Amino acid sequence: MRKIVAGNWKMHKDREGTKAFVAGLMELSVPEGVEVIIAPPFPFLAAAVEQLGGSAIVVAAQNCHQKVQGAFTGEVSAAMLKSIGVKACIVGHSERRQYFGETDTAVGEKISALLENDITPIYCCGELKDERVAGRHFEVVTAQLNAAFAALSAEQLKRIVVAYEPVWAIGTGLTASAEQAQEMHAHIRSLLASYGEAVASSVPVLYGGSCKPDNAAELFANPDVNGGLIGGAALDGKQFAELIRIAGAH
Ligand code: PGA
């Protein structure tokens, strides 16, 4: 399965910063079998797509609205993203769930809207610290996946990417150990298999949460970890390039 290194920029960088970062990225030779994704803020998506031209680097959005169009002030539809050449979109990030009240049902609808527009959804799941401490992490992730995937067919599910991001590890400097990551990724893989073996073998499962060059090798080496969704370390061109190199070596 392909390895993915995806950079979630969150609310960082400006127009010039985006341009400089993309220019640096275009100088890299991306290893065979590695897909590179960057998710800049909405205002810079179109310029990033244009600058990348025919490059294989994928530009992703960080969110979209589930409806086709309408009176939803401040929102952006999947069709709008498609019209500017966006090929992937993060959905259900824990910050969206926590600060913007995003539910699994809404996330499921967003996934459908994206697939209808040939955009790859990068579906985020993961437990809170209290849930991990209480030993409920498998239960929580199972419920998240089942709620978001309930209305989707196996054919649709084959086209998504899952990112396991334990919330206690996001932006905290704490990372899941290689063992914790592998056991949850294997669990997610078995949940995906309940929607069909073809789903389990087609869907990359990325790890996210303080993933950086000094811990990526041991995370990416696990059989069910197919790369990373990276926040902080993806803002720095050198660190991002190193993560891409590490993904190519594992
Ligand atoms: P982090 O963020 O790498 O800064 O922990 C990951 C994410 O939120 O996707």
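Fair warning: this is a prediction, and the values are worked out from it, not measured in the lab. (Residues numbered from 1 in each chain as written. Predicted model: local features only at pLDDT ≥ 70, side-chain atom pairs only at ≥ 80, totals over all residues. Heavy atoms only, no water.)

Caption draft 1: Summary view of the packing of helix H5 (residues 104-116) against helix H7 (residues 137-149). It is at 7 Å that the axes of H5 and H7 come closest, and there the two elements cross at 50°. When the interaxial angle is binned, H5 and H7 end up oblique. Crossing of H5 over H7 shows right-handed handedness. Contacts between H5 and H7 involve Asp104, Gly108 and Ile111 from the first element and Gln144, Ala147, Ala148 and Phe149 from the second. Counted by class, the contact of H5 with H7 contains 4 nonpolar, 2 polar and 1 charged residues. (Axes fitted to C-alpha atoms, helices over the stretch in contact; angles between N-to-C directions. Helix = DSSP H or I, 4+ residues; strand = E, 2+ residues; numbered from the N terminus. Parallel < 35°, antiparallel > 145°, perpendicular 65-115°, else oblique. Left-handed = near helix turned anticlockwise from the far one by under 90°. Contact = heavy atoms within 4.5 Å. Nonpolar A, V, L, I, M, F, W, Y, C, P; charged D, E, K, R; others polar.)

Caption draft 2: Structural context of the site of the ligand. Close contacts around the ligand come from 13 residues, with Lys10, His93, Glu165, Gly171 and Ser210 the closest. Between glycine 171 and the ligand, the recorded distance is 2.6 Å, taken from a backbone N or O atom to an oxygen atom. In the environment of the ligand, an oxygen atom lies 2.7 Å from a nitrogen or oxygen atom belonging to the backbone of serine 210. Against a free-state accessible area of 290 Å², the protein chains account for coverage of 95% of the ligand. Its residues placed into classes, the shell around the ligand shows 4 nonpolar, 7 polar and 2 charged. (Near = heavy atom within 4 Å. Polar contact = N/O pair within 3.5 Å; in protein donor to acceptor, adjacent residues only side chain to side chain. Areas by Shrake-Rupley, 256 points an atom, 1.4 Å probe, with all protein chains shown as cover.)

Caption draft 3: Helix H1 (residues 15-27), seen in detail. Taking 1.5 Å per residue as the helical rise, H1 with its 13 residues ought to reach 18 Å, and the 19 Å between its terminal C-alpha atoms agrees with that figure. Buried within H1 are the following residues: Thr18, Phe21, Val22 and Leu25. What you see down the axis of H1 is that its buried residues fit within an arc of 100°, all on one side. Those residues of H1 that are exposed and angled more than 90 degrees off the buried face are Ala20 and Glu27. On the buried face of H1, the contacting elements are strand E2 (34-39), helix H2 (45-52) and helix H12 (237-249). Taking the backbone nitrogen of glutamate 16 as reference, a side-chain oxygen 3.3 Å away marks aspartate 14 as the first, capping residue of H1. (Expected span 1.5 Å × (residues − 1). Buried < 20%, exposed > 50% of the residue type's maximum accessible area, 1.4 Å probe, protein only. Arc of directions from axis to C-beta.)

Caption draft 4: Highlighting the sheet that holds strand E7 (residues 205-208). The strand order around the closed barrel formed by 8 strands is E1-E2-E3-E4-E5-E6-E7-E8, and the pairing between neighbours is parallel. Each neighbouring strand pair of the sheet contributes to a mean axis angle of 25°, computed without reference to strand direction. Each of strand E5 (120-125), strand E6 (161-164) and E7 is contacted by helix H9 (residues 178-193), which is oriented at about 145° to E7, the strand it contacts most. (Pairing = 2+ DSSP bridges.)

Caption draft 5: Molecular detail of the packing of H7 against H9. Following both chains from N to C, one finds H7 and H9 inclined at 35°, their axes separated by 11 Å at the closest point. The element H7 and its partner H9 pack so that their crossing is right-handed. Here H7 contributes His137, Phe138, Val141, Thr142, Leu145 and Phe149 to the contact with H9, which in turn contributes Glu183, Met184, His187, Ile188, Leu191 and Leu192. Of the residues in the contact of H7 with H9, the class split is 8 nonpolar, 3 polar and 1 charged.

Caption draft 6: Expanded view of the nonpolar core. Core analysis: the largest hydrophobic core is formed by 64 residues, its most contacted members being Phe149 and Ile188. Apart from the residues lying within four places of it in its own chain, the contact partners of phenylalanine 149 are Ile111, Tyr123, Leu157, Ile160, Val162, Leu192 and Tyr195. Within the second largest apolar cluster, 14 residues are counted, among which are Ala39, Val58, Ala60 and Ala163. (Core = buried A, V, L, I, M, F, W, Y, C linked by side-chain atoms within 4.5 Å.)

Caption draft 7: A look at the pattern of salt bridges. All told, the structure shown has 12 salt bridges when counted by the stated rule. Its salt-bridge partner being glutamate 95, residue lysine 10 comes within 2.8 Å of it at the nearest N-O pair. Residue lysine 10 is located in the loop between strand E1 (3-8) and H1, and its partner glutamate 95 is located in helix H4 (residues 94-100); the two are separated by 85 residues in the primary sequence. Residues joined by salt bridges that share partners form a network here, namely Lys82, Asp118 and Arg159. (Salt bridge = Lys/Arg side-chain N within 4 Å of Asp/Glu carboxyl O.)

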